[in-house]
Amino acid sequence: KTLSIGLTGGIGSGKTTVANLLAALGASVIDTDLIAHSLTAPGGAAIPAIRHAFGAEFINADGSMDRQKMRTHVFTDQTAKQLLESILHPQIRQACEDAAQTAQGKYIVFVVPLLIESGTWLQRINRVLVIDCDEETQITRVMQRNQFSREQVCSIMRAQVTREIRLQHADDVINSAQELAQVKQQVELLHQKYLQMCAQA
Ligand code: ATP
């Protein structure tokens, strides 16, 4: 069975940046955020179930989920959040398995922001790769990228596991506080390590 890596990290830690570098080296990258997005886009496979569970007022005229409205709704309503997850998570997992079936790379990287929080994902993968930087770097980068306030970023971070807990689960760590050139060097070394593991398996 193909070596499967679970790539995770807090908001703005650099998951997408590292995933793109790994993809450029030939890894098969499967990003659960992109899958979730396409499931809830116009004509997406999750739309009928979302319309049925939440009502047509959560579906835009173009047939996509009203993300802004849904975000606000599930933020204040734990039951609604669980309902949405019960629709999306199985479909995300199935789409991941479908993509894994046809993956051409020597190993697969699943990008899963809430990998540690989810539990079931940990059983699916062989190794956990944590993208790690100090919280101040995370906050600064997300404030810049999203035009968020410090408090907005911190409130999202509080809903995720702490840096310490994430690192406790890590088999491999990329330090994303470094400059991009250094991050790239770390990623190249890690890629070699993964290729060796594939060869030995
Ligand atoms: P999210 O959790 O929001 O999906 P992410 O973990 O995928 O974010 P990225 O989008 O890769 O993180 O990075 C967050 C921001 O920080 C981006 O604007 C990115 O360009 C920038 N960034 C990532 N790595 C570095 C780095 N080593 N040096 C400088 N900027 C970086």
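Our structure is the block above this text.
All of the points below concern the structure found in this document. (Residues numbered from 1 in each chain as written. Predicted model: local features only at pLDDT ≥ 70, side-chain atom pairs only at ≥ 80, totals over all residues. Heavy atoms only, no water.)

This next bit is on the nonpolar core. Ile50, Phe54, Met70, Leu84 and Phe110 are the most contacted members of the largest nonpolar core, which totals 29 residues. Sorting the residues of this core by element identifies α2 (32-39), α3 (47-54), α4 (67-76), α5 (78-101), β3 (107-111), α6 (115-118) and β4 (127-132) as the ones contributing at least two each. Apart from residues lying up to four places away in sequence, Phe54 is in contact with Met70, His73, Ala80, Leu83, Leu84 and Ile87. Judged by nonpolar contacts, the second largest core, of 18 residues, contains Ala27, Tyr107, Leu129 and Leu190. (Core = buried A, V, L, I, M, F, W, Y, C linked by side-chain atoms within 4.5 Å. Buried < 20%, exposed > 50% of the residue type's maximum accessible area, 1.4 Å probe, protein only. Helix = DSSP H or I, 4+ residues; strand = E, 2+ residues; numbered from the N terminus. Contact = heavy atoms within 4.5 Å.)

Turning to the packing of helix α8 (residues 135-146) against helix α9 (residues 150-158), a few remarks are in order. The relative placement of two packed helices is expressed as an angle between their axes plus a distance between the axes. Across the interface, α8 lies against α9 with an axial gap of 9 Å and an inter-helix angle of 125°. Classified by the angle between their axes, α8 and α9 sit oblique to one another. Where α8 crosses over α9, the handedness of that crossing is right-handed. Taken together, the residues of α9 that come into contact with α8 (itself represented by Glu135, Glu136, Gln138, Ile139, Val142 and Met143) are Arg150, Val153, Cys154 and Met157. (Axes fitted to C-alpha atoms, helices over the stretch in contact; angles between N-to-C directions. Parallel < 35°, antiparallel > 145°, perpendicular 65-115°, else oblique. Left-handed = near helix turned anticlockwise from the far one by under 90°.)

Attention now goes to the side chain of Asp31. Within the element layout of this structure, Asp31 appears in strand β2 (residues 28-31). The buried charged residue Asp31 lacks any salt bridge partner; its closest oppositely charged side chain belongs to Lys15, at an N-O distance of 8.7 Å. A polar contact of 2.8 Å, which involves the side chain of Asp31, links it to the backbone nitrogen of Asp33. (Lys, Arg positive; Asp, Glu negative; His and termini not counted. Salt bridge = Lys/Arg side-chain N within 4 Å of Asp/Glu carboxyl O. Polar contact = N/O pair within 3.5 Å; in protein donor to acceptor, adjacent residues only side chain to side chain.)

With respect to topology, five strands assemble into an open sheet ordered β2-β3-β1-β4-β5, the strand pairing being parallel. Strand pairing shows two members of the sheet lacking a second neighbour, β2 and β5 (172-175), which therefore form its edges. Taken pair by pair, the neighbouring strands of this sheet meet at an average axis angle of 25°, ignoring direction. Across the sheet, helix α1 (residues 15-24) lies against β1 (3-8), β2, β3, β4 and β5, angled at about 150° from β1, the strand it touches most. Along the sheet, helix α11 (residues 180-200) contacts β1, β3, β4 and β5; its crossing angle with β5, the most-contacted strand, is approximately 160°. (Pairing = 2+ DSSP bridges.)

Attention now goes to the site of the ligand. Around the ligand sit 14 residues in total, of which Lys15, Thr16, Thr17, Arg145 and Gln178 are the nearest. The side chain of Thr16 places a nitrogen or oxygen atom 2.7 Å from an oxygen atom of the ligand. Separating an oxygen atom of the ligand from a side-chain N or O atom of Arg145 is a distance of 2.6 Å. With the chains in place, 72% of the 630 Å² that the ligand exposes on its own is no longer accessible. When contributions to the shell around the ligand are tallied by element, the ones reaching two or more residues are α1, α8 and α11. Residue contributions to the shell around the ligand peak at three residues, all from α1. Considering only residue class, the shell around the ligand consists of three nonpolar, eight polar and three charged. (Near = heavy atom within 4 Å. Areas by Shrake-Rupley, 256 points an atom, 1.4 Å probe, with all protein chains shown as cover. Nonpolar A, V, L, I, M, F, W, Y, C, P; charged D, E, K, R; others polar.)

Geometry only, nothing functional implied.
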